[in-house]
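Notes for the structure review
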Amino acid sequence: MDQLQSLYKGQEMPLQRDVEAISIPFGKSVTLTEDSVVSVMQAKGGTVSVGFEGRMFLIEGHDLDALGLEALSRATLPEGASDAELEAFIWAQLRTCFDPEIPVNIVDLGLVYGCRIEHLLSGETMVTIRMTLTAPGCGMGEVIAEDARRKIQGAAQVAKVHVEIVFDPPWSREMMTEEAKLELGMF
């Protein structure tokens with residue numbers, strides 16, 4: 001993905017087909033139509049942020065063929081995986097989620113407070129992610145939450161994903177990993 005970033009950032013590309021995208025900052029699914037010309041803004045974590053008609057959208061890696069590029073395989077977890085394997089999958093997926101304005105994943109930013117796996121009476125599995133934002137007024141919360149939901153649902157046994165955004169405890173720079181601080185020049 002970083003190679004994609006360096007090759008295509010700022011480049012305008014016509015869509016080769018209709019593609020579902022997440023609108024930024026609203027987090028809602030929209031369809032961008034074939035032949036629409038988009039501009040690549042950022043490519044991180046298996047998703048590409050594009051600009052179109054003055055707005056930003058997030059396109060998932062498995063839909064990169066809409067940009068005329070090779071699509072990425074959607075991360076999946078085989079049926080029958082243990083809860084420990086499912087939790088490891090969830091954390092791996094969360095590490096591919098980025099605030100479209102910050103080049104560090106949400107786990108390393110210290111935004112994710114916890115992950116809970118519940119087995120419902122219906123036999124379904126529900127995942128709850130408890131996370132925060134860098135500031136209560138951050139407009140990217142719905143985009144980040146929707147990206148996390150979609151990626152976690154790559155596990156066949158996950159029927160529901162709930163992302164709970166909380167502000168207690170409030171986020172601070174001390175919650176970031178050393179790697180995140182280095183990436184953002186905070187040393």
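Residues numbered from 1 in each chain as written. Predicted model: local features only at pLDDT ≥ 70, side-chain atom pairs only at ≥ 80, totals over all residues. Heavy atoms only, no water.

- Per an unreviewed UniProt entry, the protein chain is named Putative FeS assembly SUF system protein SufT, and its organism is Chromohalobacter marismortui.

1. With respect to the nonpolar core
- Judged by nonpolar contacts, the single largest core of 37 residues is most densely connected at Ile-90, Leu-94, Val-127, Ile-129 and Ile-152.
- Counting only elements with at least two residues in this core, the list comes to strand E2 (19–24), helix H2 (83–94), strand E7 (112–119), strand E8 (125–131), helix H3 (141–152) and strand E9 (158–165).
- Of all the elements, H3 adds the most residues to this core, at five residues.
- Taken domain by domain, this core gets at least three of its residues from each of domain 1 (1–67) and domain 2 (83–184).
- Within the second largest apolar cluster, 17 residues are counted, among which are Leu-15, Ala-21, Val-50 and Ala-66. (Core = buried A, V, L, I, M, F, W, Y, C linked by side-chain atoms within 4.5 Å. Buried < 20%, exposed > 50% of the residue type's maximum accessible area, 1.4 Å probe, protein only. Helix = DSSP H or I, 4+ residues; strand = E, 2+ residues; numbered from the N terminus. Domains from an automatic or database assignment.)

2. Focus on empty space enclosed by the protein
- One pass over the full model with this rule turns up one cavity of 30 Å³ or more.
- A volume near 50 Å³ is recorded for the largest cavity.
- In this structure, the largest cavity is lined by Gln-42, Lys-44, Thr-47, Ser-49, Leu-58, Phe-98, Pro-100 and Asp-147.
- Those elements giving two or more residues to the lining of the largest cavity turn out to be strand E4 (37–44) and strand E5 (47–52). (1 Å grid on protein atoms, 1.4 Å probe; cavity = no way out; pocket = protein on both sides within 12 Å on 5 of 7 lines; lining within 4 Å. Points joined across faces, edges and corners; volume = space filled by probe spheres on them.)

3. A closer look at the UniProt feature "domain: MIP18 family-like" (unreviewed entry) in the protein chain
- When the UniProt feature table is mapped to this numbering, "domain: MIP18 family-like" (unreviewed entry) covers residues 90–163.
- Helix makes up 23% of residues 90–163 and strand 28%. Its end C-alpha atoms lie 12 Å apart. (UniProt positions renumbered as here; feature names shortened; annotations may be inferred.)

4. Describing the packing of H2 against H3
- Where H2 contacts H3, the axes come no closer than 9 Å and their chain directions differ by 140°. Our classification of the angle between H2 and H3 gives oblique. You can see that H2 and H3 cross each other, and the crossing is right-handed. Here H2 contributes Phe-89, Ile-90, Gln-93 and Leu-94 to the contact with H3, which in turn contributes Ala-148, Lys-151 and Ile-152.
- The residue inventory of the contact of H2 with H3, partitioned by class, reads five nonpolar, one polar and one charged. (Axes fitted to C-alpha atoms, helices over the stretch in contact; angles between N-to-C directions. Parallel < 35°, antiparallel > 145°, perpendicular 65-115°, else oblique. Left-handed = near helix turned anticlockwise from the far one by under 90°. Contact = heavy atoms within 4.5 Å. Nonpolar A, V, L, I, M, F, W, Y, C, P; charged D, E, K, R; others polar.)

5. Digging into the sheet that holds E7
- Reading across from one edge, E7-E8-E9 is the order of the three strands in this open sheet, with mixed pairing throughout. Looking along the sheet, the strands with just one partner apiece sit at the ends: E7 and E9. Here the strands of the sheet are splayed against their neighbours by 15° on average, with no regard to which way each runs.
- For E7 and E8, the ladder comprises seven bridges, and the chain directions are antiparallel. Following the sheet pairing, Arg-116 is matched in E8 by Thr-128.
- Taken strand by strand, H3 contacts E8 and E9, and its axis lies near 155° from that of E9. (Pairing = 2+ DSSP bridges.)

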